[in-house]
Amino acid sequence: MLDVVLGPREDFRPSTLADLRSAAERIWDLTHTDQFAELSASLGPLIPRLERAARTAQEEYRAELHSLLARTYRALAAASVRQNEADAAWVAADRAIREAGGPVTRSGSSPGFTDSPTPSSG
């Protein structure tokens, strides 16, 4: 997150949206094929790009960018669960929920947050 705040500012350009979509989809694929080393290497640069894009984009692009960011954090949460990293999974799940824009209900569900496993501590 600090990279987003302290790094050089590069405002969102609509021409990068297709690349961001593709990168977010790749993250999901890597998660579900248990390619964790490649996933980790890909997440490092992607999350700051998506965070920056979601915050600097024109209004018409923000919903999709926040959705891509939520999906990326959901993939991170799922990967963390698969690697028995419950604390990391909860942080990623929390960020996914925040980006999806929905409140968490007592059942643990939120809009846009139904297609990944719920992190467990054990």
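Residues numbered from 1 in each chain as written. Predicted model: local features only at pLDDT ≥ 70, side-chain atom pairs only at ≥ 80, totals over all residues. Heavy atoms only, no water.

*Asks:* Go over the overall build of the protein chain with me, naming the residues and quoting the values.
*Replies:* Along the backbone of the protein chain there are 5 helices and 0 strands. The secondary structure elements of the protein chain, listed N-terminal to C-terminal, are α-α-α-α-α. Every one of the 122 residues in the protein chain was classed for burial, and the buried ones make up 40%. Long-range pairs, those at least 24 residues apart, make up 63% of the contacts in the protein chain between residues at least 6 apart in sequence. Entry remark: accessible area of the protein chain is about 7,000 Å², with carbon and sulfur atoms responsible for 52%. (Helix = DSSP H or I, 4+ residues; strand = E, 2+ residues; numbered from the N terminus. Buried < 20%, exposed > 50% of the residue type's maximum accessible area, 1.4 Å probe, protein only. Contact = heavy atoms within 4.5 Å. Areas by Shrake-Rupley, 256 points an atom, 1.4 Å probe, with all protein chains shown as cover.)

*Asks:* Could you give me a rundown of the confidence of the model for the protein chain, with the residues and numbers involved?
*Replies:* When pLDDT is averaged along the protein chain, the result is 81; 75% of the residues meet or exceed 70. Across the protein chain, the secondary-structure element scoring lowest on mean pLDDT is helix α1 (residues 2-6), at 50, and the one scoring highest is helix α2 (residues 17-32), at 94. (pLDDT = per-residue confidence, 0-100.)

*Asks:* I'd like a description of the pattern of salt bridges, backed by residues and values.
*Replies:* Side chains that differ in charge, positive against negative, can pair when their charged atoms come close. Overall, the coordinates contain 10 salt bridges when judged by the stated rule. In this structure, Arg 26 and Glu 38 form a salt bridge, with 1.7 Å as the shortest nitrogen-oxygen distance. Of this pair, Arg 26 sits in helix α2 while Glu 38 sits in helix α3 (residues 36-56), and the two are 12 residues apart along the sequence. Its salt-bridge partner being Glu 51, residue Arg 98 comes within 3.6 Å of it at the nearest N-O pair. Of this pair, Arg 98 sits in helix α5 (residues 86-100) while Glu 51 sits in helix α3, placing them 47 residues apart in sequence. Among the residues examined, Arg 98 registers a relative accessible area of 40% and is labelled partly exposed. One network of salt bridges, in which partners are shared, links Glu 51, Arg 55, Arg 98 and Glu 99. (Salt bridge = Lys/Arg side-chain N within 4 Å of Asp/Glu carboxyl O.)

*Asks:* An account of the packing of aromatic side chains is requested, with residue identities and associated values reported.
*Replies:* Inspection of every chain in the model, using the stated rule, returns 1 aromatic pair. On the numbers, 5.3 Å between centres and 55 degrees between planes, the contact of Phe 12 with Tyr 61 is tilted. Note that Phe 12 is positioned in the loop between α1 and α2 and Tyr 61 in helix α4 (residues 59-82), a separation of 49 residues in sequence. (Phe/Tyr/Trp six-rings, centres within 6.5 Å; stacked < 30°, edge-to-face > 60°.)

*Asks:* Any chance you could break down the side chain of Thr 31 for me, citing the residues and the numbers?
*Replies:* Along the chain, the position of Thr 31 falls in helix α2. Discounting chain neighbours no more than four positions away, the residues touching Thr 31 are Phe 36, Leu 39, Ala 75, Ala 78, Ala 79 and Arg 82.

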